[in-house]
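# Breakdown of the fold
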Amino acid sequence: MSRLWVFNGSPSFVDGAAAFITEAAAKAIAERGRFTLALSGGGTPKSVYARLAREDYRQRLAWDRVQVFFGDERCVPPDDPDSNYRMAREAWLDQGPIPVTNVHRIRGEDDPANEALRYEQEIRAWFRTAACPVFDLILLGLGDNGHTASLFPGTASLRERERLVVAQYVEVMRSWRVTFTAPLINAARSKAFLVRGAGKAQMIWNVREGPYQPDVWPAQLIEPAGGELHWLTDAAAAPRTRPDPQRG
Ligand SMILES: O=C(O)[C@H](O)[C@@H](O)[C@H](O)[C@H](O)COP(=O)(O)O
C-alpha cells in the first residue's frame with residue numbers, strides 16, 4: 001500500500017506529520033505494547049520533532065513504550081552541528097518524555113565500519129531476532145539528488161541485500177555515513193517520506209512516476225514490500241502532474 005498525503009494548511013505539514021507519527025505509535029503500542037521508530041535526519045524533520053515535544057503531543061501516548069533508532073547518521077561527534085542525533089535531541093528528545101535508555105545513537109565518529117556492525121547487532125539484539133527486524137515506522141527524507149537515508153546515487157550500499165546497516169564514504173558529501181540498507185527499511189511495517197517545498201517537487205515526481213533507475217534515484221529502492229509506504233508532503237512539493245522543470 002502506497003499513499004500520498006498533501007498537507008495544505010489544515011492541518012499544516014508539521015501538524016499532519018506529527019499526528020501521523022503519534023497515530024502510528026498509538027496503534028503499535030495498542031497492538032504490541034511498544035513502538036519502534038527510526039528517525040530521519042537533515043532539515044525537514046526538525047520542525048516535526050519539535051512539534052512532538054509540545055505538551056499536547058506529549059500527553060497523547062505512553063512515550064516510555066517508544067524505542068528510537070536512527071535510519072542514518074553522519075560520522076561526526078554527537079555534539080557536531082551536522083549530527084542527526086544532535087538535531088533530534090535538541091528539537092525533541094531532550095525535552096521529551098522518551099527515556100534516554102530508549103534512544104539508540106549511531107556512534108560512527110571513530111570507526112564507521114565497526115559501528116555499522118555494532119549498530120546492526122544492537123538492532124538485532126533489541127528485536128531479539130536473527131531474521132530481518134521489523135520496525136513499526138521508519139522516517140525518511142528525500143535529497144535533491146534522489147538519495148534517502150544515506151543511500152546515495154552510484155554507491156555500493158544500494159546493492160546491499162544481506163547487511164542491515166552499512167558504513168560508506170560518500171564522495172559527494174565528503175563524509176563517512178552509517179545507514180540502514182534498503183532491505184531493513186523495506187521490512188518495516190510502515191515507511192514515511194517527509195518531503196516539503198517546491199524544490200523537491202521534481203524529485204518526488206521522478207521517484208514516484210519516473211523511469212525505474214534506483215542507481216540514479218535511490219529513493220526508488222523503497223517499496224511497500226507487504227507494509228505501507230507513505231509520502232507526507234506539502235502542497236508545494238506534491239505535484240499532481242509532471243512539474244515544470246523550469247520551476248526547479
Ligand atoms: O542524514 C541525512 O542528511 C538524511 O538522513 C538525508 O537522507 C535527508 O533526509 C535528506 O538529505 C533530505 O534532507 P532535507 O530534509 O534537509 O532536505
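So, how was this worked out
- Residues numbered from 1 in each chain as written.
- Predicted model: local features only at pLDDT ≥ 70, side-chain atom pairs only at ≥ 80, totals over all residues.
- Heavy atoms only, no water.
- Salt bridge = Lys/Arg side-chain N within 4 Å of Asp/Glu carboxyl O.
- Helix = DSSP H or I, 4+ residues; strand = E, 2+ residues; numbered from the N terminus.
- Buried < 20%, exposed > 50% of the residue type's maximum accessible area, 1.4 Å probe, protein only.
- Phe/Tyr/Trp six-rings, centres within 6.5 Å; stacked < 30°, edge-to-face > 60°.
- pLDDT = per-residue confidence, 0-100.
- Near = heavy atom within 4 Å.
- Polar contact = N/O pair within 3.5 Å; in protein donor to acceptor, adjacent residues only side chain to side chain.
- Areas by Shrake-Rupley, 256 points an atom, 1.4 Å probe, with all protein chains shown as cover.
- Nonpolar A, V, L, I, M, F, W, Y, C, P; charged D, E, K, R; others polar.
- Contact = heavy atoms within 4.5 Å.
- Core = buried A, V, L, I, M, F, W, Y, C linked by side-chain atoms within 4.5 Å.
- Pairing = 2+ DSSP bridges.
- Axes fitted to C-alpha atoms, helices over the stretch in contact; angles between N-to-C directions.
- Right-handed = clockwise from strand over helix to strand, strands pointing away.

### Section: the pattern of salt bridges
Across all of its chains, the model carries 16 salt bridges by this definition. Residues Arg118 and Glu122 are paired through a salt bridge, measuring 2.6 Å at the closest nitrogen-oxygen approach. Of this pair, Arg118 and Glu122 both sit in helix H5 (residues 112–127), separated by four residues, roughly a single helical turn. Residue Arg118 is classed as partly exposed on the basis of its relative accessible area, which comes to 25%.

### Things to note about the packing of aromatic side chains
Counted under the stated rule, the structure contains 14 aromatic pairs. With 6.2 Å between their ring centres and 35° between their planes, Phe69 and Phe127 make a pair best called tilted. On the criterion of sequence distance, the pair formed by Phe69 in strand S3 (residues 66–70) and Phe127 in helix H5 is long-range, its members being 58 residues apart. For the residue pair Phe69 and Phe127, the accessibility class agrees, reading buried in each case. Between Phe193 and Trp231, the ring centres sit 4.0 Å apart and the planes meet at 10°, which makes this aromatic pair stacked. Of this pair, Phe193 sits in strand S8 (residues 190–195) while Trp231 sits in strand S9 (residues 228–234), and the two are 38 residues apart along the sequence. Like Trp231, Phe193 is buried.

### Description of the confidence of the model for the protein chain
Segments scoring low in pLDDT should not have their predicted coordinates read at a detailed level. On average, residues of the protein chain score 95 in pLDDT, and 97% of them reach the 70 mark or higher. The lowest-confidence element of the protein chain is helix H3 (residues 55–58), averaging 91 in pLDDT; the highest-confidence one is strand S5 (residues 137–140), averaging 99. In the predicted complex, the global pTM is 0.97; the interface-specific ipTM is 0.97.

### Considerations on the site of the ligand
Near the ligand, the surroundings consist of 15 residues, among which Gly43, Thr44, Arg74, Ala149 and Lys200 are the closest. Here Asn84 contributes a side-chain N or O atom positioned 2.9 Å from an oxygen atom of the ligand. Compared with its free state, where it exposes 420 Å², the ligand has 85% of that area covered by protein. The residue makeup of the shell around the ligand, split by class, is two nonpolar, nine polar and four charged.

### Focus on the side chain of Ser150
Within the secondary structure, Ser150 sits in the loop between S5 and strand S6 (165–170). In this structure the side chain of Ser150 is engaged in a polar contact, spanning 2.6 Å, whose partner is the side chain of Asp72. Excluding residues within four positions of it along the chain, Ser150 makes contact with Asp72, Ser157, Gln168, Arg177, Val178 and Thr179.

### Examining the nonpolar core
Grouped together as the largest cluster of nonpolar side chains are 73 residues, with contacts concentrated most on Phe70, Trp92, Phe135 and Phe180. The greatest single-element share of this core, amounting to ten residues, is contributed by helix H1 (residues 13–32). Contact partners of Phe70, with chain neighbours within four places excluded, come to Leu39, Asn84, Tyr85, Ala88, Leu93, Val103, His104, Arg105, Ile106, Tyr119 and Phe180.

### Quick notes on the sheet that holds strand S2 (residues 35–39)
The strand order S1-S9-S8-S5-S2-S3 describes an open sheet built from six strands, whose pairing is parallel. The sheet terminates laterally at strand S1 (2–7) and S3, the two strands that pair on one side only. Strand after strand, the sheet turns through a mean of 20° between neighbouring axes, direction not considered. Pairing analysis gives four bridges linking S5 to S8, with the strands arranged parallel.

### Brief notes about the pairing of S8
The side chains of a regular strand alternate, residue by residue, between the two faces of the sheet. Most of S8 sits out of view: six of its six residues are buried. Residues Ser190, Ala192 and Leu194 of S8 are buried on one face, and the alternating residues Lys191, Phe193 and Val195, pointing to the opposite face, are buried as well. Of the strand pairs in this sheet, S8 and S9 are connected by six bridges, and their pairing is parallel. Along S9, the bridge assignment pairs Ser190 with Glu228. Crossover S8 to S9 through helix H7 (residues 201–209) is right-handed.

### Topic: the environment of Trp92
Note that Trp92 resides in helix H4 (residues 84–93). For the pair Trp92 and Ala53, spaced 39 residues apart in sequence, the C-alpha separation works out to 5.0 Å.

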